[in-house]
Amino acid sequence: MTTFEDLQSQWKKQPATETPENGSKQIVEKVALIRKKQNITNIVLMTTAIILIFFFFYVSAYKSQKPMIGLSLMIGALATRVGLEILSIRSLKNLNVAKATEIFKKQMIGYYSKRVKIHFIITPIIIMTYCIGFIMLLPSFKENLSSGFYTYIKISSTVMLVVLSIFIAKQIKNELEVLKELKQ
């Protein structure tokens with residue numbers, strides 16, 4: 001019976017985990033902040049998609065195959081990302097904050113695990129698809145725009161890609177830290 005007594009002794013020596021005074025309020029605030037950030041991301045992505053759709057018709061891209069495919073890839077990539085974010089927001093809304101702490105924690109771990117998969121698998125594919133679409137448009141830009149504006153587009157798009165990559169990397173890092181914190 002010494003094994004049982006050892007186990008019981010170790011159990012009693014465990015530190016008691018204290019629930020923060022405003023623990024549930026803090027959780028609700030964090031979930032609300034996550035939703036707000038995702039909504040902002042969706043607004044930016046949808047605005048960009050709308051601009052691209054307008055541009056598609058403005059330049060009559062449907063008349064030329066390469067620009068049509070390029071813009072379609074870019075719009076499709078953005079639409080896919082918006083769809084993923086909408087599904088993610090729905091998934092977050094379905095989490096029940098009123099459930100027991102351990103159940104809610106497991107739900108949050110599941111949510112963030114899915115987000116990590118999205119960030120590491122689907123997001124790079126979306127970004128590559130968007131870039132391929134943009135690269136397909138470059139010959140059209142070169143042909144129809146002044147050399148100065150064409151150079152500006154190439155440089156600004158490269159800068160935007162770098163800034164976007166840094167932003168996405170920060171977001172992934174934050175979500176990985178939250179996941180790590182939840183798993184402890």
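Criteria and cut-off values
Residues numbered from 1 in each chain as written. Predicted model: local features only at pLDDT ≥ 70, side-chain atom pairs only at ≥ 80, totals over all residues. Heavy atoms only, no water. Helix = DSSP H or I, 4+ residues; strand = E, 2+ residues; numbered from the N terminus. Buried < 20%, exposed > 50% of the residue type's maximum accessible area, 1.4 Å probe, protein only. Contact = heavy atoms within 4.5 Å. Areas by Shrake-Rupley, 256 points an atom, 1.4 Å probe, with all protein chains shown as cover. Axes fitted to C-alpha atoms, helices over the stretch in contact; angles between N-to-C directions. Parallel < 35°, antiparallel > 145°, perpendicular 65-115°, else oblique. Left-handed = near helix turned anticlockwise from the far one by under 90°. Nonpolar A, V, L, I, M, F, W, Y, C, P; charged D, E, K, R; others polar. Patch = residues over 30% accessible without salt bridge, like charges linked within 9 Å, V, L, I, M, F, W, Y side chains within 5 Å. Salt bridge = Lys/Arg side-chain N within 4 Å of Asp/Glu carboxyl O. Expected span 1.5 Å × (residues − 1). Bend = angle between axes of the 7 residues up to and from the residue.

(A) Spotlight on the overall build of the chain. The secondary structure content of the chain amounts to five helices and zero strands. Of the regular secondary structure in the chain, the N- to C-terminal order runs α-α-α-α-α. Counting over 184 residues, the chain shows a buried share of 28%. Put simply, of all contacts in the chain between residues at least 6 apart along the chain, 71% involve residues at least 24 apart. Carbon and sulfur atoms provide 66% of the accessible area of the chain, an area that totals close to 13,200 Å².

(B) Structural view of the packing of helix α3 (residues 65-93) against helix α4 (residues 101-144). At a minimum axis separation of 7 Å, α3 and α4 run at an interaxial angle of 165 degrees. Classified by the angle their axes make, α3 and α4 are roughly antiparallel. The handedness of the crossing between α3 and α4 is left-handed. When grouped by side-chain class, the residues that make up the contact of α3 with α4 number 19 nonpolar, nine polar and four charged.

(C) Representation of a nonpolar patch on the surface within the structure. A cluster of nonpolar residues, Ile-53, Phe-57, Tyr-62, Met-68 and Ile-69, forms a patch on the protein surface that exposes about 440 Å² of accessible area. Elements supplying a minimum of two residues to the nonpolar patch: α2 (23-58) and α3. If you trace the backbone, Ile-53 turns up in helix α2.

(D) Main features of the packing of α4 against helix α5 (residues 147-183). Packing of α4 against α5 brings their axes to within 9 Å, and their N-to-C directions diverge by 170 degrees. It follows from the interaxial angle that α4 and α5 lie roughly antiparallel. For the contact of α4 with α5, the residue count by class is 19 nonpolar, five polar and six charged.

(E) Quick look at the environment of Ala-49. In this structure, Ala-49 sits in helix α2. For Ala-49, a relative accessible area of 12% puts it in the buried group. Remark: the alpha-carbon pair of Ala-49 and Ile-75, spanning 26 residues in sequence, is separated by 5.5 Å. Not counting residues within four places of it along the chain, the set of residues in contact with Ala-49 comprises Ile-75 and Leu-78.

(F) Molecular detail of α4. The end-to-end C-alpha separation of α4 is 60 Å, in line with the 64 Å expected for 44 residues at 1.5 Å each. Maximum bend of α4: about 40 degrees, positioned at Ile-122, with proline Pro-124 one to four residues after it.

(G) Examining the pattern of salt bridges more closely. Under the defined criterion, the tally for this structure stands at two salt bridges. For Arg-81, the salt bridge is made with Glu-85, and the minimal N-O distance between the two is 2.8 Å. Of the two residues, Arg-81 and Glu-85 both sit in helix α3, four residues apart, roughly one turn of that helix. The class for Arg-81 is buried, based on a relative accessible area of 10%. In the salt-bridge network here, residues are joined through shared partners; they are Arg-81, Glu-85 and Arg-115.

Treat this as a map of the structure, not an account of what it does.
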